[in-house]
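# Residue-level structure breakdown
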Amino acid sequence: MSTATEHVGHDAEHAHGEHHHGAPAGIKRWLFTTNHKDIGTLYLWFAFIMFLVGGAMAMVIRAELFQPGLQIVEPNFFNQMTTVHGLIMVFGAVMPAFTGLANWLIPMMIGAPDMALPRMNNWSFWILPFAFLILLSSLFVEGGGPAFGWTFYAPLSTTYSGDSTALFVFSVHIMGISSIMGAINVIVTIFNMRAPGMTWMKMPLFVWTWLITAFLLIAVMPVLAGAVTMVLTDKFFGTHFFDAAGGGDPVMFQHIFWFFGHPEVYIMILPAFGIISQIIPTFARKRLFGYASMVYATASIALLSFIVWAHHMFTTGMPLAAEMFFMFATMLISVPTGVKVFNWVATMWRGSMTFEVPMLFALAFIVLFTIGGLSGLMLAITPVDFQYHDTYFVVAHFHYVLVTGAVFSIMAAVYYWLPKWTGRMFDITLAKWHFWCSLISVNVLFFPMHFVGLAGMPRRIPDYALQFADFNKWISIGGFAFGLSQLIFLALLIKACRHQGEKVSDQVWEGAEGLEWEIPSPAPYHTFDTPPVIK
Amino acid sequence: MAQQEAPVAYEKYYVPDQSPWPIVGAVALFLIAVGAGNFTIEMTKGKEGFGGYTLAAGLFLLMVMLVGWFKNQIDESMSGLYSAQLGRSYRQGMLWFIFSEVMFFAAFFGALFYARMIAIPWLGGASNNAMTNEVLWPGFEAMWPLVSTPGGIQTQAMGWMGLPAINTVILLISSVTLHYAHVGLEQAKRKQLTVMLGVTILLGCIFLGLQVQEYVHAYRDLGLTLQSGIYGNTFFLLTGFHGLHVTLGTIILIVLFFRVLKGHFTPKEHFAFQAGSWYWHFVDVVWVMLFFFVYIL
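Residues numbered from 1 in each chain as written. Chains lettered and ligands numbered in written order. Predicted model: local features only at pLDDT ≥ 70, side-chain atom pairs only at ≥ 80, totals over all residues. Heavy atoms only, no water.

### A few points about the overall build of chain A
What counts here: Strands are runs of DSSP state E lasting at least 2 residues, helices are runs of H or I lasting at least 4, and numbering of each runs from the N terminus. Every radius of gyration here is taken over C-alpha atoms, with the globule rule written as 2.2 Å times N^0.38, N being the number of residues. Between two residues, a contact is recorded if the distance between any of their heavy atoms is within 4.5 Å. In these tables, accessible area is a Shrake-Rupley quantity obtained with a 1.4 Å probe, and a residue counts as shielded only by the protein chains included in the view.
Assigned secondary structure in chain A consists of 16 helices and 2 strands. Here the C-alpha atoms of chain A give a radius of gyration of 23 Å, agreeing with the 24 Å that 2.2 N^0.38 yields for 535 residues. The principal-axis extents of the C-alpha atoms in chain A amount to approximately 70 × 50 × 45 Å. A separation of at least 24 residues holds for 84% of the contacts in chain A among residues at least 6 apart in sequence. Summed over its atoms, the accessible surface of chain A is roughly 18,000 Å², and 70% of this surface lies on carbon and sulfur atoms.

### Remarks on the environment of B:Phe235
Residues and elements named next belong to chain B. Convention followed: Exposure classes here rest on a 1.4 Å probe applied to the protein chains alone. A residue is buried below 20% of its type maximum, exposed above 50%, and partly exposed in between.
The topology assignment puts Phe 235 in helix H7 (residues 229–261). On the basis of relative accessible area, Phe 235 is assigned to the buried category, the value being 1%. For the pair Phe 235 and Val 294, spaced 59 residues apart in the sequence, the C-alpha separation amounts to 6.5 Å. Beyond its immediate sequence surroundings of up to four residues, Phe 235 is in contact with Met 158, Glu 214, Tyr 215, Leu 224, Gly 240, Val 294 and Tyr 295.

### Things to note about the nonpolar core
Operational definition: What we call a nonpolar core is a set of buried Ala, Val, Leu, Ile, Met, Phe, Trp, Tyr and Cys residues that are connected through their side-chain atoms within 4.5 Å. Start and end positions for the domains come from either an automated domain assignment or a database one.
Ranked by size, the top nonpolar core spans 276 residues in total, and within it A:Phe91, A:Phe132 and B:Phe273 carry the most contacts. It is helix H7 (residues 205–236) of chain A that contributes the most residues to this core, 23 residues altogether. In this structure, this core is formed jointly by two domains, domain 1 (1–82) and domain 2 (87–296) of chain B, each of which donates at least three residues. Once residues lying within four places of it in the same chain are set aside, the contact partners of A:Phe91 are A:Pro96, A:Phe132, A:Trp150, A:Met175, A:Met221, A:Leu224, A:Phe260 and A:Glu264.

### Section: the domain arrangement of chain B
All names here are of chain B. Counted only if it meets this: Buried area: the sum, over both parts, of the accessible surface (1.4 Å probe) that disappears when the two are put together. The rule for a salt bridge is simple: a side-chain nitrogen of Lys or Arg has to be within 4 Å of a carboxyl oxygen of Asp or Glu. In this count, Pro and Cys sit with the nonpolar residues alongside Ala, Val, Leu, Ile, Met, Phe, Trp and Tyr, while Asp, Glu, Lys and Arg are called charged and the others, Gly among them, polar.
Its domain assignment divides chain B into domain 1 (1–82) and domain 2 (87–296). Computed over C-alpha atoms, the centres of domain 1 and domain 2 are 26 Å apart. Between domain 1 and domain 2, the residue contacts involve 5 residues of the former and 4 residues of the latter. Roughly 420 Å² of surface becomes buried between domain 1 and domain 2 when both sides are summed, with 57% attributable to carbon and sulfur atoms. Together, Tyr 13, Ile 74 and Met 78 form the three largest contributors to the area buried by domain 1 at its contact with domain 2, with a combined 71%. There are 0 salt bridges connecting domain 1 and domain 2. Each residue belonging to the side of domain 1 that touches domain 2 can be placed in one class, and the counts come to 4 nonpolar, 1 polar and no charged.

### Some thoughts on the interface of chain B and chain A
A common way to state how big an interface is: give the accessible area lost once the parts meet. Across the boundary between the two partners, chain B contributes 71 residues, which contact 69 residues of chain A. For the pair chain B and chain A, the two sides together bury roughly 6,000 Å², of which 72% comes from carbon and sulfur. For the pair chain B and chain A, the number of links is 3 salt bridges. Note that B:Lys45 and A:Asp163 form a salt bridge whose closest N and O atoms lie 3.8 Å from each other. Elements with a contribution of two residues or more to the side of chain B that touches chain A: helix H1 (21–45), helix H2 (51–78), helix H3 (84–123) and H7 of chain B.

### Topic: unusual backbone geometry
Most peptide bonds take the trans form, and the phi angle of most residues other than glycine is negative. Cis geometry is found at the peptide bond from A:Ala154 to A:Pro155, where omega equals 5 degrees. By the element assignment, A:Pro155 lies in the loop between helix H5 (118–137) and helix H6 (165–192). Here A:Ser521 and A:Pro522 are connected by a cis peptide whose omega angle stands at -5 degrees. Phi is positive for A:Arg285, close to 50 degrees, though the residue is something other than glycine. Relative to the helices and strands, A:Arg285 is located in the loop between helix H9 (270–284) and helix H10 (291–304). The exposure class of A:Arg285 is partly exposed, given its relative accessible area of 27%. The backbone phi angle of B:Ser127 is positive, close to 55 degrees, even though this residue is not glycine. Structurally, B:Ser127 can be placed in the loop between H3 and helix H4 (130–136).

### Structural notes on the packing of H10(A) against helix H11 (residues 320–348) of chain A
All names here are of chain A. Our working definition: Axis lines are fitted to C-alpha atoms, over the contacting stretch for helices. Their N-to-C directions set the angle, which ranges from 0 to 180 degrees. Reported orientations rely on four angle classes, namely roughly parallel under 35 degrees, roughly antiparallel over 145, roughly perpendicular from 65 to 115, and oblique for the rest. What makes a crossing left-handed is the near helix being turned counterclockwise from the far one by less than a right angle; a clockwise turn instead makes it right-handed.
Contact pair H10 / H11: the axes reach a minimum separation of 9 Å and the direction vectors enclose 155 degrees. Looking at the two axes, H10 sits roughly antiparallel to H11. Note on packing geometry: the crossing formed by H10 with H11 is left-handed. Contacts between H10 and H11 involve Ser 293, Met 294, Ala 297, Thr 298, Ser 300, Ile 301 and Leu 304 on the former and, on the latter, Leu 332, Ile 333, Pro 336, Thr 337, Val 339, Lys 340, Asn 343 and Trp 344. Among the residues forming the contact of H10 with H11, the class breakdown is 9 nonpolar, 5 polar and 1 charged.

### Section: H1(B)
What counts, and what does not: Expected helix span is computed as 1.5 Å times (number of residues minus one).
In a regular helix each residue adds 1.5 Å, so 25 residues correspond to 36 Å; H1(B) covers 35 Å between its end C-alpha atoms and thus fits that length. B:Gly46 sits one or two positions beyond H1(B) and adopts a positive phi of about 60 degrees.

Printed below as a string of structure tokens:
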């Protein structure tokens, strides 16, 4: 969108703001901060560290699966690795990374001085390191950490779990508190803090997608809290929510969990859609094709996400009518998603394209996310899902949408806005190495999973039949290569934080439009103390 | 510093300086989570440990944090730092928080409906589950309230007459009295405000006392416990979480009462009062739902 701003100007802002606080020094800056940029940085670094920790666990999984047979870890430890890998990547890496981006970008994009509730913002962040400290330390208690999969299905998490389940439950509780407060902050900021003239349909798509994501978060995180509470009482206090002997039902757990879980997967992809919708127009040097339809498509996906949860449960013996309903409702989601992919491609159509690093990641996102979307469509078809269910095909599907989807979009976003944050261009050579190594290795890693999955290799098992050995060797090699590629990213980020690299202009990218590109690079500690007027 | 410009009406959006309270709150939640987790293990598995103390320390720290944080905000509010826009932020934030609470209760209501409408009939052989009943749970008949579980636990149902009906009336009246307290605040009728608020607090306490009696009755006379199958589970978790919310609401109202005595609120500016009153009305609505779906139907 071209939002011509009548800018009061940073000079005026600085003159007025001389007695205004800059960034305080030392550790207190980070512990006590109320600044959305500081909190955004904290979130992003935390997410990246968790990404490496969760990635290390994936390396353990792939090392064990390099060859058939059990050789490196005990099966129970393998289960803990798959479980904690999933929990960390979902709640510790992807969600905090998006929240970090929201913190950095939403106030700058809508012309607000900060997030609406800055102290609560700090609280939301600092809960997270403690929550994951609890989760990770539960790996070391007697009997081991959670080993029931990130979905913690009953009775695995009730009858058959270790004592550390109690720690798992309470760490999920405080993660949920953090997410809910973060989401409230985003919604209130967008509702209440837009600069004059920033009408709803002028908002950048990243803001729109995050607004809708925040609705989803507030609606479903409390349901997750309810689910873990019932697991806690079933395991420790003798209730029978998920036990048929007391009139409950283990399948009920899956209904409650996936009522949270399905909107949750859109929580992890809608902000990605927003990011891609910001990046593609910049490097195609064209306005986004179909802005309004993008907004409506995002809202439709969010609404549909509440009525598709049982497509994760086709093999639990639901009545036929339910299977049909959830199959068709799920397939319906491909309509608004298709609208989005079409719009991105149409935006590039006859554009003056250049291929800077953010654009490379965005293009890889479109292609690879679409592969994940199509395999999702296959999984949505009830009769064939009976074959695919709980195989590596499912693993391939959700890693295409989450790694080459969500994670690639986060990397695209970091490369796109990093020069705005630091005021300097990142190391482009390293970035291109990072992109190409990641792109190739991620496909070596996840693409063969489709084949072994279709052939029937079950997920979450530390051993497999000999027929899958060759593919698994390649999958593991791809996995190690993808893991190593992220160290390039780490090196690049450290260089960027040390203020190395050439200074960039305010606009940074030639085709970039929006409020955040009109303020100086690096973005001052406080922006838009006086709201800009958007015409 | 932002505050130095203060006492005049502050129209710019007030972005607070650094604050120590959020990190104190994060540490408090950490202690609560670790403490509650370990306390649960120690209590149910008969182990020794510091779970209970850690939990208590966390709750204490959370109290310290709330007092410190709120004092901070009251001071800012009283010195005129807040704009109308900030008031809207607080109000919207509170409403979305209440919405998240609604969804928390929705999870437990969902469990109640699922058990009643689907799980229990299926265990009794409904739909295409004749063999489930025949082979796994022979002789089990679907019913609600589930006073005899497939596993053979016997209990008695809690009727809706008597205490629950009285409690419903009490909570409904408390909503009305709180509303008139609010009206008193808006029309600057101090006496109406304090009396009505006081009556609301009293009704809240009576409600909680009667709830305790009802639980004693359930455990002693009816044999209805947390362990007595899905009926007891949904009964105690729904009414229990509701009771916790009434407790919290009563504490909020007591704090508001003392702030009223100190003259903190004006007919136009009283976000804290409004938020507390919204919370109380929400808790009432949840009770009405509970009364219908847990007790009557």
